[in-house]
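Summary of structural features
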Amino acid sequence: MATASLNSLCADAVPFFFLSDFEGKDLTCYPLDTLSDEDIEFSFHASGMPHCSALDKKPVDYEIYKAKLDSVQEYIRRGETYLLNLTQPTPIKCSETLHTIYQKANAPFKLRYKDKFVCFSPEKFIEIIDDKIYTYPMKGTIDASLPEAEETILGDEKEMAEHLMVVDLLRNDLGIVATNIRVEKFRYIDRIKAGSKELLQVSSKISGQLESTWPIRFEEILRALLPAGSISGTPKKRTVEIIKEVEGYERGYFTGVFGYFDGKNLYSAVSIRYIEQTPNGLVYKSGGGITIDSDAQKEYEELIDKIYIP
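Residues numbered from 1 in each chain as written. Predicted model: local features only at pLDDT ≥ 70, side-chain atom pairs only at ≥ 80, totals over all residues. Heavy atoms only, no water.

A few words on the nonpolar core. Within the largest apolar cluster, 83 residues are counted, with the highest numbers of intra-cluster contacts made by Phe16, Ile133, Phe218 and Ile275. Looking at this core element by element, the count peaks at six residues for helix 5 (residues 157-177). Beyond its immediate stretch of four places on either side in the chain, isoleucine 133 contacts Ile126, Glu127, Ile128, Leu174, Val177, Ala178, Ile206, Ser207, Gly208, Leu210, Ile221 and Leu225. Counting residues in each nonpolar core, the second largest holds six residues, with Ile142, Ala144, Ala149 and Ile153 among its members. (Core = buried A, V, L, I, M, F, W, Y, C linked by side-chain atoms within 4.5 Å. Buried < 20%, exposed > 50% of the residue type's maximum accessible area, 1.4 Å probe, protein only. Helix = DSSP H or I, 4+ residues; strand = E, 2+ residues; numbered from the N terminus. Contact = heavy atoms within 4.5 Å.)

And the structure:
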């Protein structure tokens, strides 16, 4: 299985799979006809099988998490960031293999990459269809079983401010590579199965117009958009620097992106809901967006709520 050039494959209309780490430093692609299911499995809009094993979670201590969140909010008070996606690794135990987790997980976008990690993401990154580029920032989560959950999440001022910042960031990002930027849908609800829970998550749809020659510069387009705004923050460059300082671990491929080109159009997703095989066992990486109004206890609970296999 050999890697190849994104631009050359796109220009020659050769279908391929691609994968990037969080910062876009480790970007690779494979022609689809060279992929082996033993190494890489991916699916878009596929369902899984029920009854995946429950996870035994050992999240970071609350006081440690709160200290990190407090540090982020101090940076916000200084005006160095306005929104930062704070994540942490959680050691887990699960009786399933990465391959079995991949098969059983029920998610719109799934990937198992060798024996390194598996993810089952609910979040699109970009699509390029008929020379138009689309992105779908997802920001805002609530337990669907709560009374009036949809009205609560859509009416929450903190969640609205956070979502507005992400939409503004993604509009600006698309403006780097495209013209005629439009927010086509603002704050719509997706229902996400989260183990025994159901979550409501809030997304928006943004579009822009690309030149018809976009395939010959796809790699440049992708690198210009990384890291994904919904899982980094704004302003992006300084926020990523703060993330590295505060989180205290390597994200790696977590919160990177993966996708495929079918010879004409391109589809991709953000690598969240993510389990990684490490020398010390399985680790689940999760988190959420932090603003000046974030409540540490609620954010800590959200980090844990997102540790599940759908």
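Bringing the environment of threonine 81 into the picture now. Of note, threonine 81 is situated in the loop between helix 2 (62-77) and strand 5 (83-93). Taking the C-alpha atoms as reference points, threonine 81 and aspartate 168, 87 residues apart in sequence, are found 14 Å from one another. Here threonine 81 is in contact with Val72, Tyr75, Ile76, Thr234, Pro235, Thr239 and Ile242, once residues within four sequence places are set aside. One polar contact links the side chain of threonine 81 to the main-chain carbonyl oxygen of leucine 83, over a distance of 3.2 Å. A polar side-chain atom of threonine 81 sits 3.2 Å from the main-chain carbonyl oxygen of threonine 234. (Polar contact = N/O pair within 3.5 Å; in protein donor to acceptor, adjacent residues only side chain to side chain.)

To continue, consider the packing of aromatic side chains. All chains considered together, the criterion is met by 21 aromatic pairs. The interplanar angle of 75° and the centroid separation of 5.6 Å between the aromatic rings of phenylalanine 18 and phenylalanine 218 together place this pair among those described as edge-to-face. With phenylalanine 18 in strand 1 (residues 16-20) and phenylalanine 218 in helix 6 (residues 218-225), this pair connects stretches of sequence that are 200 residues apart. A residue is classified by how much of its surface remains accessible, and phenylalanine 218, at 0% relative accessible area, is buried. Among the aromatic residues, those joined into a cluster by ring pairs are Phe17, Tyr30, Phe42, Phe44, Phe109, Phe258, Tyr260 and Tyr267. When the ring centre of tyrosine 75 is taken as origin, the NZ or CZ atom of arginine 78, which lies over that ring, is 5.0 Å away. If you follow lysine 124 out to its NZ or CZ, it ends over the ring of tyrosine 136, 4.3 Å from the centre. (Phe/Tyr/Trp six-rings, centres within 6.5 Å; stacked < 30°, edge-to-face > 60°. Lys NZ or Arg CZ within 6 Å of the ring centre and 35° of its normal.)

Viewed as axis vectors pointing N to C, helix 2 and helix 7 (residues 236-247) meet at an angle of 155°, and their least axial separation amounts to 10 Å. If you check the angle between helix 2 and helix 7, you find them roughly antiparallel. Considering only the axes of helix 2 and helix 7, their crossing is right-handed. Residue-level contacts link Lys68, Ser71, Val72 and Tyr75 of helix 2 to Arg238, Ile242, Glu245, Val246 and Glu247 of helix 7. (Axes fitted to C-alpha atoms, helices over the stretch in contact; angles between N-to-C directions. Parallel < 35°, antiparallel > 145°, perpendicular 65-115°, else oblique. Left-handed = near helix turned anticlockwise from the far one by under 90°.)

Time to look at the packing of helix 5 against helix 6. Closest axis-to-axis distance for the helix 5/helix 6 pair is 9 Å, and the angle between their directions is 155°. Judged by the inter-axis angle, helix 5 sits roughly antiparallel to helix 6. For the element pair helix 5 and helix 6, the recorded crossing hand is right-handed. Across from Asp173, Leu174, Ile176 and Val177 in helix 5, the residues of helix 6 making contact are Ile221, Ala224 and Leu225.

This part is about the side chain of threonine 278. If you trace the backbone, threonine 278 turns up in strand 16 (residues 274-278). Among the polar contacts listed, one links the side chain of threonine 278 to the backbone oxygen of glycine 281, at a separation of 2.6 Å.

This part is about the pairing of strand 15 (residues 266-270). Burial analysis of strand 15 places five of its five residues in the buried class, the great majority of the element. Neither face of strand 15 is left uncovered, since the one carrying Leu266, Ser268 and Val270 and the one carrying Tyr267 and Ala269 both have all their residues buried. Bridging between strand 8 (residues 124-129) and strand 15 involves three bridges; their strand directions are antiparallel. Pairing of glutamate 127 across the sheet is with tyrosine 267, part of strand 15. (Pairing = 2+ DSSP bridges.)

Now for the environment of valine 118. Here valine 118 lies in strand 7 (residues 117-121). By relative accessible area, which is 0% here, valine 118 ends up buried. Beyond its immediate sequence surroundings of up to four residues, valine 118 is in contact with Leu98, Ile101, Tyr102, Leu111, Arg112, Arg273, Tyr274 and Ile275.

This part is about the pattern of salt bridges. Within this structure, the stated rule accounts for 23 salt bridges. Residues arginine 238 and glutamate 80 are paired through a salt bridge, measuring 2.6 Å at the closest nitrogen-oxygen approach. Of this pair, arginine 238 sits in helix 7 while glutamate 80 is found in the loop between helix 2 and strand 5, placing the two residues 158 residues apart along the sequence. Here arginine 238 falls in the partly exposed class, since its relative accessible area comes to 26%. On the basis of relative accessible area, glutamate 80 is assigned to the partly exposed category, the value being 23%. One continuous salt-bridge network, built from bridges that share partners, spans Glu74, Arg77, Arg78, Glu80, Lys237, Arg238 and Glu241. (Salt bridge = Lys/Arg side-chain N within 4 Å of Asp/Glu carboxyl O.)

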